[in-house]
Amino acid sequence: MEFIEGPRPSACFFCEAAALPQGQEAERLVLARSPRALVLMNLYPYSNGHLLVAPTAHVADLEELDLEAAGELTALTRRSLRALRMALSPDGFNLGMNLGQVAGAGVADHLHQHLVPRWSGDTNFMPVLGDVKVMSEHIRVTYDKLRAAFDALS
Ligand SMILES: [Zn+2]
(Lines give C-alpha, C1' and ligand atoms only; values in the text may rest on other atoms or scores of the structure.)
Protein backbone atom coordinates (compact mmCIF):
# COMPACT_ATOMS: atom_id res chain seq x y z
CA MET A 1 0.00 0.00 0.00
CA GLU A 2 2.89 2.36 0.64
CA PHE A 3 3.84 1.97 -2.96
CA ILE A 4 0.34 2.78 -4.18
CA GLU A 5 -0.22 5.71 -1.86
CA GLY A 6 3.28 7.16 -2.05
CA PRO A 7 4.26 10.20 -4.12
CA ARG A 8 3.55 9.74 -7.80
CA PRO A 9 6.23 10.28 -10.42
CA SER A 10 5.35 13.66 -11.90
CA ALA A 11 6.37 12.66 -15.41
CA CYS A 12 3.89 9.80 -15.67
CA PHE A 13 1.21 10.52 -18.26
CA PHE A 14 -1.44 8.42 -16.48
CA CYS A 15 -0.68 9.72 -12.99
CA GLU A 16 -0.94 13.28 -14.28
CA ALA A 17 -4.26 12.54 -15.94
CA ALA A 18 -5.52 10.83 -12.77
CA ALA A 19 -4.55 13.86 -10.68
CA LEU A 20 -6.31 16.46 -12.84
CA PRO A 21 -8.68 18.69 -10.89
CA GLN A 22 -12.39 18.25 -11.49
CA GLY A 23 -13.47 20.15 -14.60
CA GLN A 24 -10.09 19.95 -16.32
CA GLU A 25 -10.52 16.41 -17.67
CA ALA A 26 -10.88 17.57 -21.26
CA GLU A 27 -7.31 18.93 -21.30
CA ARG A 28 -5.96 15.38 -21.18
CA LEU A 29 -8.90 13.79 -23.01
CA VAL A 30 -10.04 12.06 -19.82
CA LEU A 31 -13.53 10.65 -20.37
CA ALA A 32 -14.44 9.17 -17.01
CA ARG A 33 -12.93 8.45 -13.63
CA SER A 34 -13.71 6.27 -10.66
CA PRO A 35 -11.79 6.28 -7.36
CA ARG A 36 -9.23 3.71 -8.58
CA ALA A 37 -9.39 3.89 -12.36
CA LEU A 38 -9.77 6.26 -15.30
CA VAL A 39 -10.42 6.15 -19.03
CA LEU A 40 -8.95 8.55 -21.54
CA MET A 41 -8.43 8.82 -25.28
CA ASN A 42 -5.15 7.78 -26.82
CA LEU A 43 -3.46 10.83 -28.38
CA TYR A 44 -1.86 8.50 -30.92
CA PRO A 45 -4.82 6.33 -31.86
CA TYR A 46 -4.72 3.12 -33.87
CA SER A 47 -8.30 3.83 -34.82
CA ASN A 48 -10.87 6.52 -34.16
CA GLY A 49 -12.10 6.15 -30.57
CA HIS A 50 -9.01 4.29 -29.32
CA LEU A 51 -9.31 4.45 -25.52
CA LEU A 52 -6.94 3.66 -22.66
CA VAL A 53 -8.25 2.39 -19.33
CA ALA A 54 -5.79 2.57 -16.44
CA PRO A 55 -5.72 2.23 -12.69
CA THR A 56 -4.96 5.45 -10.78
CA ALA A 57 -2.22 3.52 -8.95
CA HIS A 58 1.22 3.68 -10.57
CA VAL A 59 1.82 -0.03 -11.03
CA ALA A 60 3.50 -1.76 -13.97
CA ASP A 61 1.98 -5.22 -13.80
CA LEU A 62 -1.46 -6.71 -13.42
CA GLU A 63 -0.27 -8.88 -10.53
CA GLU A 64 0.60 -5.75 -8.56
CA LEU A 65 -2.88 -4.32 -8.87
CA ASP A 66 -5.20 -4.92 -5.92
CA LEU A 67 -8.47 -6.65 -6.77
CA GLU A 68 -10.63 -3.62 -6.02
CA ALA A 69 -8.70 -1.56 -8.54
CA ALA A 70 -8.84 -4.46 -11.00
CA GLY A 71 -12.61 -4.52 -10.54
CA GLU A 72 -12.84 -0.79 -11.28
CA LEU A 73 -10.65 -1.27 -14.34
CA THR A 74 -13.11 -3.87 -15.60
CA ALA A 75 -16.12 -1.71 -14.71
CA LEU A 76 -14.67 1.25 -16.63
CA THR A 77 -13.79 -1.00 -19.56
CA ARG A 78 -17.41 -2.16 -19.70
CA ARG A 79 -18.66 1.43 -19.51
CA SER A 80 -16.22 2.34 -22.28
CA LEU A 81 -17.59 -0.40 -24.51
CA ARG A 82 -21.12 0.92 -23.96
CA ALA A 83 -20.08 4.53 -24.60
CA LEU A 84 -18.22 3.59 -27.78
CA ARG A 85 -21.23 1.63 -29.03
CA MET A 86 -23.47 4.62 -28.33
CA ALA A 87 -21.19 7.24 -29.87
CA LEU A 88 -19.43 5.48 -32.73
CA SER A 89 -21.37 2.26 -33.52
CA PRO A 90 -18.34 0.00 -34.03
CA ASP A 91 -18.77 -3.59 -35.23
CA GLY A 92 -16.22 -5.03 -32.81
CA PHE A 93 -13.34 -4.26 -30.48
CA ASN A 94 -9.76 -5.24 -29.77
CA LEU A 95 -8.86 -5.22 -26.09
CA GLY A 96 -5.36 -5.71 -24.83
CA MET A 97 -2.49 -4.86 -22.54
CA ASN A 98 1.16 -4.60 -23.49
CA LEU A 99 3.18 -5.53 -20.42
CA GLY A 100 6.77 -4.37 -20.68
CA GLN A 101 8.63 -2.32 -23.26
CA VAL A 102 9.57 -5.39 -25.25
CA ALA A 103 5.85 -6.15 -25.64
CA GLY A 104 5.25 -2.69 -27.09
CA ALA A 105 4.14 -0.72 -24.05
CA GLY A 106 4.59 3.00 -24.74
CA VAL A 107 4.31 3.76 -21.03
CA ALA A 108 5.76 0.58 -19.55
CA ASP A 109 5.67 1.48 -15.87
CA HIS A 110 1.97 2.34 -15.57
CA LEU A 111 -0.42 -0.48 -16.48
CA HIS A 112 -3.09 0.36 -19.05
CA GLN A 113 -5.54 -1.46 -21.25
CA HIS A 114 -6.08 -0.57 -24.90
CA LEU A 115 -9.62 -0.56 -26.22
CA VAL A 116 -9.72 -0.24 -29.99
CA PRO A 117 -13.07 -0.07 -31.78
CA ARG A 118 -13.21 -1.80 -35.15
CA TRP A 119 -15.52 -1.49 -38.14
CA SER A 120 -16.24 -4.00 -40.87
CA GLY A 121 -14.06 -2.99 -43.77
CA ASP A 122 -11.61 -0.93 -41.72
CA THR A 123 -7.93 -1.40 -42.49
CA ASN A 124 -7.58 -5.15 -42.96
CA PHE A 125 -4.62 -6.85 -41.34
CA MET A 126 -3.84 -3.70 -39.37
CA PRO A 127 -1.60 -4.85 -36.51
CA VAL A 128 -3.92 -4.49 -33.57
CA LEU A 129 -1.45 -2.80 -31.28
CA GLY A 130 1.12 -1.97 -33.92
CA ASP A 131 2.23 1.26 -35.47
CA VAL A 132 -0.48 1.90 -38.04
CA LYS A 133 -2.42 5.01 -37.18
CA VAL A 134 -5.73 5.76 -38.82
CA MET A 135 -7.49 8.99 -37.95
CA SER A 136 -10.76 9.61 -39.71
CA GLU A 137 -12.21 12.17 -37.34
CA HIS A 138 -10.58 14.95 -35.39
CA ILE A 139 -9.79 13.69 -31.91
CA ARG A 140 -11.56 16.58 -30.16
CA VAL A 141 -14.75 15.94 -32.09
CA THR A 142 -14.61 12.30 -31.04
CA TYR A 143 -13.86 13.34 -27.48
CA ASP A 144 -16.99 15.49 -27.31
CA LYS A 145 -19.14 12.67 -28.69
CA LEU A 146 -17.69 10.11 -26.31
CA ARG A 147 -17.85 12.45 -23.32
CA ALA A 148 -21.57 12.91 -23.93
CA ALA A 149 -22.01 9.14 -24.09
CA PHE A 150 -20.02 8.59 -20.86
CA ASP A 151 -21.97 11.33 -19.10
CA ALA A 152 -25.23 9.74 -20.21
CA LEU A 153 -24.09 6.40 -18.76
CA SER A 154 -22.85 7.65 -15.40
ZN1 LIG B 1 1.76 6.50 -13.26
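As shown above, the structure is provided for reference.
Values in this document were obtained by computation on a predicted structure and should not be read as measured data.

Undergrad: Got a minute to help me understand unusual backbone geometry in this structure?
TA: Note: most peptide bonds trans; most residues except glycine with negative phi. Phi at Leu 29 takes a positive value of approximately 60°, unusual for a residue other than glycine. With respect to the helices and strands, Leu 29 occurs in the loop between helix H2 (13–18) and strand S1 (30–34). Its identity as a non-glycine residue notwithstanding, Ser 89 has a phi of 45°, on the positive side. Looking at where Ser 89 falls in the secondary structure, it is placed in the loop between helix H3 (67–88) and strand S4 (92–96).

Undergrad: How do you make sense of the packing of H3 against helix H4 (residues 139–153) when you look at a structure like this?
TA: When two helices pack together, you describe them by how their axes are tilted relative to each other and by the distance separating the axes. Packing of H3 against H4 brings their axes to within 9 Å, and their N-to-C directions diverge by 125°. Judged by the inter-axis angle, H3 sits oblique to H4. Here H3 runs over H4; the crossing is right-handed. Of H4, the residues touching H3 (which contributes Arg 79, Ser 80, Arg 82, Ala 83, Leu 84, Met 86, Ala 87 and Leu 88) are Thr 142, Lys 145, Leu 146, Ala 149, Phe 150, Ala 152 and Leu 153. Across the contact of H3 with H4, the residue classes break down as ten nonpolar, two polar and three charged.

Undergrad: Mind showing me how you'd approach the coordination of the zinc ion here?
TA: Between any two of four tetrahedral donors, the ideal angle at the metal is 109.5 degrees; between two of six octahedral donors, it is 90 or 180 degrees. Coordination of the zinc ion by the protein is provided by Cys 12 (SG), Cys 15 (SG), His 58 (ND1) and His 110 (ND1), with metal-donor distances spanning 2.0 to 2.3 Å. Each of the four donor atoms bound to the zinc ion contributes to angles spanning 103 to 115°, and the resulting shape is tetrahedral. When the donors of the zinc ion are listed by position in the chain, the intervening gaps give C-x2-C-x42-H-x51-H. This pair shows no difference in class: Cys 12 is buried, exactly as Cys 15 is.

Undergrad: Can you help me understand H3 in this one?
TA: Its 22 residues place the ends of H3 31 Å apart at the C-alpha level, agreeing with the 32 Å of an ideal helix rising 1.5 Å per residue. Every buried residue of H3 is accounted for by Ala 69, Glu 72, Leu 73, Leu 76, Thr 77, Ser 80, Leu 81, Ala 83, Leu 84, Ala 87 and Leu 88. Residues of H3 that are buried sit in contact with S1, strand S2 (37–41), strand S3 (51–55), S4, strand S5 (113–118) and H4. Between the side-chain oxygen of the N-cap and the backbone nitrogen of Glu 68 there are 3.1 Å, and the N-cap of H3 in question is Asp 66.

Undergrad: I would appreciate a short explanation of the pattern of salt bridges in the present structure.
TA: Note that side chains of opposite charge can pair when their charged atoms are close. By the definition in use, this model includes seven salt bridges. Linking Arg 147 and Glu 25 is a salt bridge whose minimum nitrogen-to-oxygen distance equals 3.9 Å. Separated by 122 residues along the polypeptide, Arg 147 in helix H4 and Glu 25 in the loop between H2 and S1 bring together distant segments of the chain. For Arg 147, a relative accessible area of 23% translates into the label partly exposed. Measuring nitrogen to oxygen at the nearest pair gives 2.9 Å for the salt bridge that ties Asp 122 to Arg 118. This pair shows no difference in class: Asp 122 is buried, exactly as Arg 118 is.

Conventions adopted
- Residues numbered from 1 in each chain as written.
- Predicted model: local features only at pLDDT ≥ 70, side-chain atom pairs only at ≥ 80, totals over all residues.
- Heavy atoms only, no water.
- Helix = DSSP H or I, 4+ residues; strand = E, 2+ residues; numbered from the N terminus.
- Axes fitted to C-alpha atoms, helices over the stretch in contact; angles between N-to-C directions.
- Parallel < 35°, antiparallel > 145°, perpendicular 65-115°, else oblique.
- Left-handed = near helix turned anticlockwise from the far one by under 90°.
- Contact = heavy atoms within 4.5 Å.
- Nonpolar A, V, L, I, M, F, W, Y, C, P; charged D, E, K, R; others polar.
- Donors = N, O, S within 2.8 Å, 3.2 Å for Na, K, Ca; no water.
- Tetrahedral: all angles 85-135°; square planar, octahedral: opposite > 155°, others 65-115°.
- Buried < 20%, exposed > 50% of the residue type's maximum accessible area, 1.4 Å probe, protein only.
- Expected span 1.5 Å × (residues − 1).
- Polar contact = N/O pair within 3.5 Å; in protein donor to acceptor, adjacent residues only side chain to side chain.
- Salt bridge = Lys/Arg side-chain N within 4 Å of Asp/Glu carboxyl O.

All we've got here are geometric facts, nothing functional implied.
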